[in-house]
Amino acid sequence: MADQYSTNEEKILKDSHTKEIDLINRDPKQINEDVVKVDFEDVIAEPDGTHSMDGVWKASYTTFTVSKYWCYRVLSAIFGIPVALLWGFFFACISFCHIWAVMPCIKSYLIETQCLSRIYSLCIHTFCDPLFEALGKIFSSVRVALRKEV
């Protein structure tokens, strides 16, 4: 029973650190849907009346598409892992700062302001409430009458 519990615990720990990646849909949240989705027709377009020869147009299309595809693949093969390492380090630093510095500062600030808020509220209720109550009683007997004199 203890072995089964430790195995389940190890599985839970392993599952939280490893994630199955989808090799088909590599942008499941569509964060780059409009930004880098550039096709030949988005960059090069010939208006009516100004057309190159069909062979040039086809060769240009093929050259653009293949060079964009392979240039991206070569650049990602060369720089993908180092850049991923840098971004992983960057976001780890941001997470570290947020967890170990930002949130404790915010929590301590909220604790201090809660204390100050109670003191401020006590002072207002002690000094201002009686003053405003007295002023309210003084002005509650004031009657305003409007007369129209002709």
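Residues numbered from 1 in each chain as written. Predicted model: local features only at pLDDT ≥ 70, side-chain atom pairs only at ≥ 80, totals over all residues. Heavy atoms only, no water.

With an unreviewed UniProt entry as reference, the chain is termed Caveolin, source organism Sinocyclocheilus anshuiensis. Of the comments in the UniProt record for the chain, the one headed Sequence similarities (unreviewed entry) reads "Belongs to the caveolin family." (UniProt positions renumbered as here; feature names shortened; annotations may be inferred.)

Once that is clear, we can look at the overall build of the chain. The number of helices and strands found in the chain is three helices and zero strands. Ordered by position from N to C terminus, the α and β elements of the chain give α-α-α. For the chain, buried positions account for 1% of its 150 residues. When the accessible surface of the chain is summed, it comes to about 14600 Å², and 67% of that surface belongs to carbon and sulfur atoms. (Helix = DSSP H or I, 4+ residues; strand = E, 2+ residues; numbered from the N terminus. Buried < 20%, exposed > 50% of the residue type's maximum accessible area, 1.4 Å probe, protein only. Areas by Shrake-Rupley, 256 points an atom, 1.4 Å probe, with all protein chains shown as cover.)

Turning our eyes to something else, we now look at the packing of aromatic side chains. Inspection of the entire model under this criterion finds eight aromatic pairs. Ring pairing ties together the aromatic residues F40, W57, Y61 and F64, which thus form one cluster. A cation sits over an aromatic face here: R73 above W70, 5.5 Å from the ring centre. (Phe/Tyr/Trp six-rings, centres within 6.5 Å; stacked < 30°, edge-to-face > 60°. Lys NZ or Arg CZ within 6 Å of the ring centre and 35° of its normal.)

Turning to helix α3 (residues 54-140), a few remarks are in order. In this model α3 runs just 92 Å from its N-terminal to its C-terminal C-alpha over 87 residues, more than 12% under the 129 Å that 1.5 Å per residue would give. The largest bend in α3 amounts to roughly 50° and is located at F79, with the proline P82 lying one to four residues further along. (Expected span 1.5 Å × (residues − 1). Bend = angle between axes of the 7 residues up to and from the residue.)

On to unusual backbone geometry, then. Look at Q30: it is not a glycine, yet its phi comes out positive at around 50°. Inspection of the secondary structure puts Q30 in the loop between α1 (2-17) and α2 (40-43). Residue class for Q30 comes out partly exposed when judged on its relative accessible area of 44%.

On to the UniProt feature "transmembrane region" (unreviewed entry) in the chain. UniProt annotation of "transmembrane region" (unreviewed entry) refers to residues 74-101 when read in the numbering used here. The span residues 74-101 is 100% helix and 0% strand, and its two end C-alpha atoms sit 40 Å from each other.

Next up on the list: a nonpolar patch on the surface. Where nonpolar side chains cluster on the molecular surface, the patch consists of V66, Y69, W70, V74, L75, I78, F79, V83, W87, F90, F91 and I94 and spans about 1200 Å² of accessible area. Within the secondary structure, F79 sits in helix α3. (Patch = residues over 30% accessible without salt bridge, like charges linked within 9 Å, V, L, I, M, F, W, Y side chains within 5 Å. Salt bridge = Lys/Arg side-chain N within 4 Å of Asp/Glu carboxyl O.)

The next thing to look at is the confidence of the model for the chain. Summary statistics for the chain give a mean pLDDT of 86 and a share of 88% for residues scoring 70 or more. Mean pLDDT values over the elements of the chain span from 56, in α1, up to 94, in α3. (pLDDT = per-residue confidence, 0-100.)

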